[in-house]
Amino acid sequence: MPVLEVVLGDLVAQRVDAIVTAANESLLGGGGVDRAVHAAAGPRLAEAGSALAPLDPGDAVATPAFRLDPPVRHVIHTVGPVWEGGGYDEAAVLASCYRRCLAVADTLGVRSLAVPAISTGVYGYPPAEAARIAVSTLRTTRTGVAVVRLVAFDQGNLELLRSELLAQEVS
Ligand code: ADP
């Protein structure tokens with residue numbers, strides 16, 4: 001089980017072995033965090049991603065990190081669920097994203113991983129519920145990844161992730 005950290009900041013600036021991007025099924029690059037990752041990694045990221053597309057919601061695949069600064073060596077692309085009210089297995093798909101990212105990270109020998117708040121931007125997942133699923137899934141999945149850093153991009157997500165971490169650590 002990994003140690004979880006929560007920070008406020010830019011995913012692309014994290015000094016870890018691999019970063020997770022909240023992609024769309026084409027893996028060609030989207031908005032939000034995915035745009036920032038593609039901008040930093042350069043055009044070969046979309047080339048490598050599209051060769052592995054389409055990627056189903058809940059699944060994850062890895063590509064090299066291309067122009068991202070070391071120590072980041074891999075980008076793990078996952079497709080979160082689009083929030084449609086909660087009756088379409090969104091929670092199971094979101095949990096699957098985090099589990100699959102750890103499984104893919106394990107195949108690469110990744111020891112430190114940074115992840116954004118998947119689906120809480122354009123895909124509209126309610127952030128409190130998404131934070132609960134992120135923390136509960138990551139902290140209970142068996143993995144060789146030693147540290148997972150949850151990167152919040154706004155104060156609201158930071159506070160939600162921090163309080164989930166506290167609540168679930170004492171439970
Ligand atoms: P999705 O389509 O899965 O909702 P988004 O990229 O729209 O993906 O949003 C996911 C989360 O990533 C949101 O909470 C958003 O604020 C956050 N985010 C956007 N840019 C960055 C960034 N550079 N670093 C970390 N998180 C980011």
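Sequence order as written defines residue numbering, which begins from 1 separately in each chain. Selection of residues for local features in this predicted model requires a pLDDT of at least 70, selection of side-chain atom pairs for listing and counting requires 80 or more, and totals for whole chains, interfaces and linings are taken over all residues.

Asker: Describe in detail the overall build of the protein, supporting the description with residues and values.
Answerer: Working definition: helices are DSSP H or I runs of at least four residues, strands are E runs of at least two. Numbering for both runs from the N terminus. When helices and strands are tallied, the protein shows five helices and six strands. Counting helices and strands in the order they occur from the N terminus, the protein gives β-β-α-α-β-β-α-β-α-β-α. What you see for the protein is a C-alpha radius of gyration of 14 Å, in line with the 16 Å of a compact globule of 171 residues. The dimensions of the protein, computed from C-alpha atoms along their principal axes, are 45 × 35 × 30 Å. A buried classification covers 49% of the 171 residues belonging to the protein. Both definitions apply: the radius of gyration is a C-alpha atom measure, and the globule rule equals 2.2 Å times residues to the power 0.38. Think of it as a crowd count around each C-beta: if 20 or more other C-beta atoms lie within 10 Å the residue is buried, if 12 or fewer it is exposed, and in between it is partly exposed, with C-beta placed from the backbone throughout.

Asker: Give a detailed account of the site of the ligand, specifying residues and quantitative values.
Answerer: Around the ligand sit 22 residues in total, of which A22, G32, G121, Y123 and F153 are the nearest. No other element matches helix α1 (residues 32–41), which puts four residues into the shell around the ligand. The C-beta atom of each residue is placed using the backbone, and any residue whose C-beta lies within 6 Å of a molecule or strand is treated as near it.

Asker: If you had to explain the environment of V135 to someone new, which residues and values would you point to?
Answerer: Structurally, the position occupied by V135 is in helix α4 (residues 127–140). Given 25 C-beta atoms within 10 Å, V135 falls into the buried group. For the pair V135 and L166, spaced 31 residues apart in sequence, the C-alpha to C-alpha distance is 10.0 Å. What counts as a contact here is a pair of residues whose C-beta atoms, placed from the backbone, lie within 7 Å. Ignoring anything within four residues of it in the chain, the contact list for V135 reads L4, L161, E164, L165 and Q168.

Asker: Describe unusual backbone geometry, naming the residues involved and giving the relevant values.
Answerer: Following A53, the chain continues into P54 via a peptide bond in cis, with omega recorded as -5°. Within the element layout of this structure, P54 appears in the loop between α2 (44–50) and β3 (60–64). Backbone geometry at D89 places phi at a positive 65°, although glycine is not the residue there. Here D89 lies in the loop between β4 (74–79) and α3 (90–107).

Asker: Tell me about the nonpolar core, and please be specific about residues and values.
Answerer: Nonpolar core, as used here: buried Ala, Val, Leu, Ile, Met, Phe, Trp, Tyr and Cys residues forming one set through C-beta atoms within 7 Å. Among the nonpolar cores identified, the biggest contains 54 residues, and C101 and L113 are the most heavily contacted of them. Broken down by element, this core gets its largest block of residues, nine residues, from α3. Excluding anything up to four places from it in sequence, C101 contacts V20, A60, I76, T78 and V115.

Asker: I'd like a rundown of the packing of α4 against helix α5 (residues 155–170), residues and numbers included.
Answerer: Lines fitted to the C-alpha atoms define the axes, with helices restricted to the stretch that makes contact. Angles between their N-to-C directions range from 0 to 180 degrees. As a packed pair, α4 and α5 sit with axes 9 Å apart at the nearest point and diverge in direction by 45°. The orientation of α4 with respect to α5, classified from their angle, is oblique. Where α4 crosses over α5, the handedness of that crossing is right-handed. Side by side, α4 and α5 meet where P127, A128, A131, R132, V135, S136 and R139 of the first sit next to G156, N157, L160, L161, E164, L165 and Q168 of the second. Amino acids are sorted into nonpolar (Ala, Val, Leu, Ile, Met, Phe, Trp, Tyr, Cys and Pro), charged (Asp, Glu, Lys and Arg) and polar (every other residue, Gly among them). Tallied by class, the residues present in the contact of α4 with α5 amount to seven nonpolar, four polar and three charged. Oblique is the label for any angle not under 35 degrees, not over 145, and not in the 65 to 115 range, which are roughly parallel, roughly antiparallel and roughly perpendicular in turn. Crossing handedness is defined as follows: a turn of the near helix away from the far one that is anticlockwise and smaller than a right angle gives a left-handed crossing, while the clockwise case is right-handed.

Asker: Account for the UniProt feature "domain: Macro" (unreviewed entry) in the protein, with residues named and values stated.
Answerer: Here the UniProt feature "domain: Macro" (unreviewed entry) sits at residues 1–169. For residues 1–169, the helix share is 38%, the strand share is 20%, and the end-to-end C-alpha distance is 13 Å. UniProt positions are given in the numbering used here, feature names are shortened, and annotations may be inferred rather than shown by experiment.

Asker: Describe the sheet that holds β3, listing the residues and the values that go with them.
Answerer: Spatially, β1-β6-β5-β2-β4-β3 is the arrangement adopted by the six strands of the open sheet, whose pairing is mixed. Either end of the sheet is taken by a strand with one partner, and the two such strands are β1 (3–8) and β3. For this sheet, the mean angle separating the axes of adjacent strands, direction not counted, is 25°. Bridging between β1 and strand β6 (residues 147–152) involves six bridges; their strand directions are parallel. The residue of β6 that forms the bridge with V6 is L150. Any two strands with at least two DSSP bridges between them are considered paired.

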